[in-house]
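Reading the structure
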Amino acid sequence: MIRRPPRSTQSRSSAASYVYKRQQKSASKSTLLSELEKWGSPIICGSIFAFLAALTGYLLTPSNHSPWEPVSSFSSAIKRVAPAVVNIATISRSANQTNLGSGVIVDKQGHIITNYHVIKDASQVTVTLADGRKTIATILGGDEESDIAVLKISLIPLPPPPQSQSQENNTLSQQTTRADRPVEIGDIVLAIGNPYGVGQTVTQGIVSAINRSNLGLTTFEKYIQTDAAINPGNSGGALITTDGTLIGINSAFLSHKEGVQGISFAIPTTQIAAIKRDIIRTGTVVRGYLGVRLHQLNEETSDFFNLAHTNGLVIVDIDALGPAKKAGLQQGDIILEINNTPLKHNQDSLFIISGIKPRTSALLSIYRAGKIMTIQATLEIRPKTNAADFH
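Please read these numbers as outputs of a predicted model, since none were measured by experiment.

**Observations regarding the overall build of the chain**
Across its full length, the chain holds seven helices and 20 strands. Out of the 391 residues belonging to the chain, those deemed buried represent 41%. At a minimum sequence separation of 6, the contacts of the chain that also span at least 24 residues come to 60%. Of the roughly 22000 Å² that the chain leaves accessible, carbon and sulfur atoms contribute 53%.

**Considerations on empty space enclosed by the protein**
With the rule as written, the count across this model stands at one cavity of 30 Å³ or more. By volume, the largest cavity is sized at about 30 Å³. Residue classes in the lining of the largest cavity are distributed as seven nonpolar, no polar and no charged.

**A short note on the nonpolar core**
Of all hydrophobic cores here, the largest spans 22 residues; its most connected members are Ile-113, Ala-238 and Ile-240. Residues within four places of Ile-113 in sequence aside, it is in contact with Gly-103, Val-104, Val-106, Ile-148, Ala-149, Val-150, Gly-236, Ile-249, Ile-272 and Lys-276. The next biggest cluster of nonpolar side chains, apart from the first, holds 19 residues, and it includes Val-292, Leu-343, Ala-362 and Ile-375.

**Some thoughts on the sheet that holds strand β6 (residues 148-152)**
Strand order in this closed barrel of six strands is β1-β2-β3-β6-β5-β4, and the pairing throughout is antiparallel. Averaged over all neighbouring strand pairs, the angle between strand axes comes to 40 degrees, with direction disregarded. As defined by bridge partners, strand β5 (residues 134-143) adjoins β6 across five bridges and the pair is classed as antiparallel. Each bridged residue has a counterpart across the sheet, and for Gly-142 the counterpart in β6 is Ala-149.

**Digging into the pairing of strand β3 (residues 111-114)**
Neither face of β3 is exposed, since His-111 and Ile-113 on one face and Ile-112 and Thr-114 on the opposite face are all buried. Sheet topology places strand β2 (residues 98-105) next to β3; two bridges connect them, and they run antiparallel. Looking at the pairing, Ile-105 lines up with Ile-112 of β3. Between the antiparallel neighbours β2 and β3 lie five residues, among them Gly-110 with a positive phi of about 90 degrees. Two strands pair when backbone bridges link them, and β3 and β6 are joined in this way by four bridges, in the antiparallel orientation. Note on β6: the bridge partner recorded for Ile-112 is Leu-151.

**Focus: the layout of surface pockets**
Taken as a whole, the second largest pocket encloses approximately 370 Å³ of empty space. Together, 20 residues line the second largest pocket, and Ser-213, Asn-214, Asn-346, Gln-347 and Leu-350 are the ones closest to its centre. Going through the elements one at a time, β14 (292-296) and α7 (346-354) are the ones with two or more residues in the lining of the second largest pocket. If one sorts the elements of the lining of the second largest pocket by residue count, α7 sits on top with four residues. Each residue belonging to the lining of the second largest pocket can be placed in one class, and the counts come to four nonpolar, eleven polar and five charged.

**Concerning unusual backbone geometry**
Residue Pro-157 follows Ile-156 across a cis peptide bond; omega there is -5 degrees. Locating Pro-157 in the fold gives a position in the loop between β6 and β7 (188-193). Phi at Asn-211 takes a positive value of approximately 55 degrees, unusual for a residue other than glycine. For Asn-211, the position within the fold is in strand β8 (residues 201-212).

**Quick notes on the pattern of salt bridges**
Considering all chains together, one arrives at eleven salt bridges under this definition. A salt bridge links Asp-143 to Arg-287, with the shortest nitrogen-to-oxygen separation between them at 2.6 Å. On the criterion of sequence distance, the pair formed by Asp-143 in strand β5 and Arg-287 in the loop between α4 (272-282) and β13 (288-289) is long-range, its members being 144 residues apart. By the burial criterion, Asp-143 is buried, and Arg-287 matches it. Between Asp-348 and Lys-222 there is a salt bridge whose closest N-O contact spans 3.3 Å. Here the residue Asp-348 occupies a position in helix α7, and Lys-222 occupies one in the loop between β8 and β9 (223-226), the gap between them amounting to 126 residues. Looking at Asp-348, the relative accessible area reads 29%, which means it is partly exposed.

Rules behind the numbers
Residues numbered from 1 in each chain as written. Predicted model: local features only at pLDDT ≥ 70, side-chain atom pairs only at ≥ 80, totals over all residues. Heavy atoms only, no water. Helix = DSSP H or I, 4+ residues; strand = E, 2+ residues; numbered from the N terminus. Buried < 20%, exposed > 50% of the residue type's maximum accessible area, 1.4 Å probe, protein only. Contact = heavy atoms within 4.5 Å. Areas by Shrake-Rupley, 256 points an atom, 1.4 Å probe, with all protein chains shown as cover. 1 Å grid on protein atoms, 1.4 Å probe; cavity = no way out; pocket = protein on both sides within 12 Å on 5 of 7 lines; lining within 4 Å. Points joined across faces, edges and corners; volume = space filled by probe spheres on them. Nonpolar A, V, L, I, M, F, W, Y, C, P; charged D, E, K, R; others polar. Core = buried A, V, L, I, M, F, W, Y, C linked by side-chain atoms within 4.5 Å. Pairing = 2+ DSSP bridges. Axes fitted to C-alpha atoms, helices over the stretch in contact; angles between N-to-C directions. Salt bridge = Lys/Arg side-chain N within 4 Å of Asp/Glu carboxyl O.

Written as structure tokens, this is what we have:
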């Protein structure tokens, strides 16, 4: 049997009062809705317009511009850095010919960073500033293995050096740098130099790759790859971010007969600070040397050595007079760590070993004949010749 709900026990007067209150609420609700319909759309549209106006103002205001936001012009960054980018002309000792390049003034003392290949075998180096002043530069020293050289000029006044990115507490230019954000693929960059001797020129591109190595250009390779145009004469010039931070020294470009390749390379400033310091102090770069030639493990070599992983580097050759031999390392040993730093890539191990001060001890964790052991070796000064393949 279907039952209906019981009827209300309210009196008729109570019911009438209830109906009246409901009518009042309905009338109030209708009035509110009509007011919202009248004023709601203008308020919402006005809020959206105010938000868009504020956002546009934020993006276009120079004071709010960060080095990684899109802008319509890079002129402010170029104006800050361009005066410190110089033209370099050298006279060769052997051929008595003039070579052209670029350089960057990196501190208030007049030190200039350029490529080693720009001033190699030079008997005289003439530096021309962006304002047209010329002077003869002193060659303080160069490092062929990194392709970096340091010059010095004594002109007064000098343009302010650019801010630069560095791994050390003191930056390359001894100024406060931008936020410690690493260079990333896709970042917009600008190259400033003197291509073909036509005069200071700026080109623009993006970071195409980082830590590019195994190019055969130098011993120590961790290049920033970019598609910004770099031509003969650009070597030694500046690679900067859109806020004017110096992140690299332009060094090389890939060239084929087929045409423009859009592949150029710059040495990161994070590698240059220590080189500059050593050259200013001693005229050369002092690096650590273990005396081993290493090969990266792969699955095949790991299986051969009964390893369950590919971490570490196997010693394929040893300098008979080097520190590794003296410490008891053997051909076939696998170096897993140096001073608790894992070794995974051959180029990384070169930087790690060379970064250890000579005449200091290094603790090596190695794998030999199925066992892990620790060996202590005292590093020596890396020789200047016949050491390209040895760490």
